[in-house]
Amino acid sequence: MDYKYIEQLLERYFEAETTLKEEQILKAFFEQNDEDMPESLRQYRSLFEAMVPEETLDDDFDERLLQMTEEAPQVKARVISLGQRLRPLFRAAAVVAIVLTLSNALNQSLGDNSTWVDEDSYALEQMVPSADEPAMAYEQPVDSLVTDSLFKPTGYLE
């Protein structure tokens, strides 16, 4: 059998130049179960077997669709105020405030109750003897007063 006409129709089909009648001829050709069909044409069989005629809508389709929409329950819109919209944010802010307050209270109760003192001034007070103890002031060397290069006296020799 000569398949030249079918091959020409396939070329025109892939170039989108076929008519509906020619496409029906191709579909009918590939629907037949011909064992003698060449392998080059068998590869297109699945393409034309997948072609299904379009379903058309019934005349009463519009009426059925309108009935279905009328039977559906009517949903009323609710008005949501600004307070109702922001209520989840207020709740989240309250939770954060409570957590921070409790963690601060826990820190204060478990932490050291001593007052905060500047470390440099505290160290300086410990090294400088008071006026009540002149003997200790006399015995303490001058080097112990120098804790930083900023506190060195101007005429001091190293």
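Definitions and cut-offs
- Residue positions within a chain follow its written sequence, with the count starting from 1.
- Residue-level local features of this predicted model are given only where pLDDT is at least 70; pairs of side-chain atoms are given and counted only at 80 or more, and the full residue set underlies all totals for whole chains, interfaces and linings.
- Side-chain figures throughout are based on the complete set of non-hydrogen atoms in the structure, without hydrogens or water.
- Nonpolar core, defined: a set of buried Ala, Val, Leu, Ile, Met, Phe, Trp, Tyr and Cys residues in which side-chain atoms within 4.5 Å join the residues together.
- The buried label goes to any residue with under 20% of its type's maximum accessible area, the exposed label to any with over 50%, and the partly exposed label to all in between, with areas taken from a 1.4 Å probe on protein chains only.
- Contacts were defined at the residue level, with two residues in contact if any of their heavy atoms lie within 4.5 Å.
- pLDDT runs from 0 to 100 and stands for how confident the predictor is about each residue.
- For helices the rule is a DSSP run of H or I covering at least 4 residues; for strands it is a run of E covering at least 2, with both sets numbered from the N terminus onward.
- What counts as a salt bridge is simple: a side-chain nitrogen of Lys or Arg found within 4 Å of a carboxyl oxygen of Asp or Glu.
- Ring pairs shown here join Phe, Tyr and Trp side chains whose ring centres sit within 6.5 Å, with only the six-membered ring taken for Trp; geometry is labelled stacked below 30 degrees between planes, edge-to-face above 60, and tilted in between.
- Nonpolar side chains (Val, Leu, Ile, Met, Phe, Trp, Tyr) within 5 Å and like charges within 9 Å form the patches, drawn only from residues with over 30% relative accessible area and no salt bridge.
- For the area figures, the Shrake-Rupley method with a 1.4 Å probe applies, and any residue is considered shielded solely by the protein chains shown.
- Charge counting follows a simple rule: Lys and Arg are positive, Asp and Glu are negative, and His as well as the terminal groups are ignored.
- In plain terms, the charge of a residue is placed at NZ if it is Lys, CZ if Arg, CG if Asp and CD if Glu.
- To obtain the arc, one takes the directions from the helix axis to the C-beta atoms.
- Polar contacts, as counted here, are pairs of nitrogen or oxygen atoms within 3.5 Å of one another; within protein the pair requires one atom able to donate a hydrogen and one able to accept it, and residues that are adjacent in sequence qualify only if both atoms are side-chain atoms.

**Points about the nonpolar core**
- In terms of nonpolar packing, the biggest core is built from 10 residues, these being Tyr 3, Ile 6, Leu 9, Leu 10, Leu 26, Phe 29, Phe 30, Met 37, Leu 41 and Phe 48.
- With sequence-adjacent residues up to four places away left out, Tyr 3 is seen in contact with Phe 29, Asp 34, Asp 36, Met 37, Pro 38 and Leu 41.

**Quick notes on the confidence of the model for the protein chain**
- Of the residues in the protein chain, 68% reach a pLDDT of 70 or more, and the chain-wide mean stands at 77.
- Element-level pLDDT for the protein chain is lowest in helix H7 (residues 119-127), with a mean of 57, against a maximum mean of 93 in helix H6 (residues 82-110).

**Let's talk about unusual backbone geometry**
- Of note, the phi angle at Ala 16 is positive, near 60 degrees, even though the residue is not glycine.
- Mapped onto the elements of the fold, Ala 16 is located in the loop between helix H1 (4-14) and helix H2 (20-31).

**A closer look at the pattern of salt bridges**
- In the structure shown here, the tally under the stated rule is 5 salt bridges.
- Residue Asp 58 pairs with Arg 64 through a salt bridge whose shortest N-O separation is 3.6 Å.
- Owing to a relative accessible area of 38%, Arg 64 belongs among the partly exposed residues under this scheme.
- Connected via shared salt-bridge partners are Asp 58, Asp 60 and Arg 64.

**A short note on the packing of aromatic side chains**
- Taken as a whole and assessed by the stated rule, the structure comprises 4 aromatic pairs.
- The interplanar angle of 50 degrees and the centroid separation of 5.4 Å between the aromatic rings of Phe 14 and Tyr 44 together place this pair among those described as tilted. One end of the pair, Phe 14, is in helix H1; the other, Tyr 44, is in the loop between helix H3 (39-42) and helix H4 (45-49), and 30 residues separate them in sequence.
- According to the relative accessible area criterion, Tyr 44 is partly exposed, its value standing at 24%.
- Pairing Phe 29 with Phe 30 gives two aromatic rings, centres 5.1 Å apart and planes at 80 degrees, and the pair type is edge-to-face.
- Judged by its relative accessible area of 0%, Phe 30 is buried.
- Of the aromatic side chains, those joined through ring pairs into one cluster are Tyr 3, Phe 29 and Phe 30.

**With respect to a negative patch on the surface**
- Judged by side-chain charge, Asp 2, Glu 7, Glu 11, Glu 15 and Glu 17 come together as a negatively charged surface patch.
- Note on placement: Glu 15 falls in the loop between H1 and H2.
- For Glu 15, a relative accessible area of 52% corresponds to the exposed category.

**What about H1?**
- Residues Ile 6, Leu 9 and Leu 10 constitute the buried set of H1. Angular distribution of buried residues about the axis of H1 spans 105 degrees; they occupy a single face of the element. In H1, the exposed residues that point more than 90 degrees away from the buried face are Lys 4 and Glu 11.
- Looking at the packing, one finds that the buried side of H1 touches H2, H3 and H4.
- In the segment just after H1, Ala 16 is the residue with positive phi, at about 60 degrees.

**Regarding the environment of Tyr 44**
- Between the C-alpha atoms of Tyr 44 and Leu 10, which are 34 residues apart in sequence, the distance is 9.0 Å.
- Every residue in contact with Tyr 44, bar those within four places of it in the chain, is listed here: Leu 10, Phe 14 and Phe 30.
- Here Gln 43 takes part through its side chain, which lies 3.4 Å from a polar atom of the side chain of Tyr 44.

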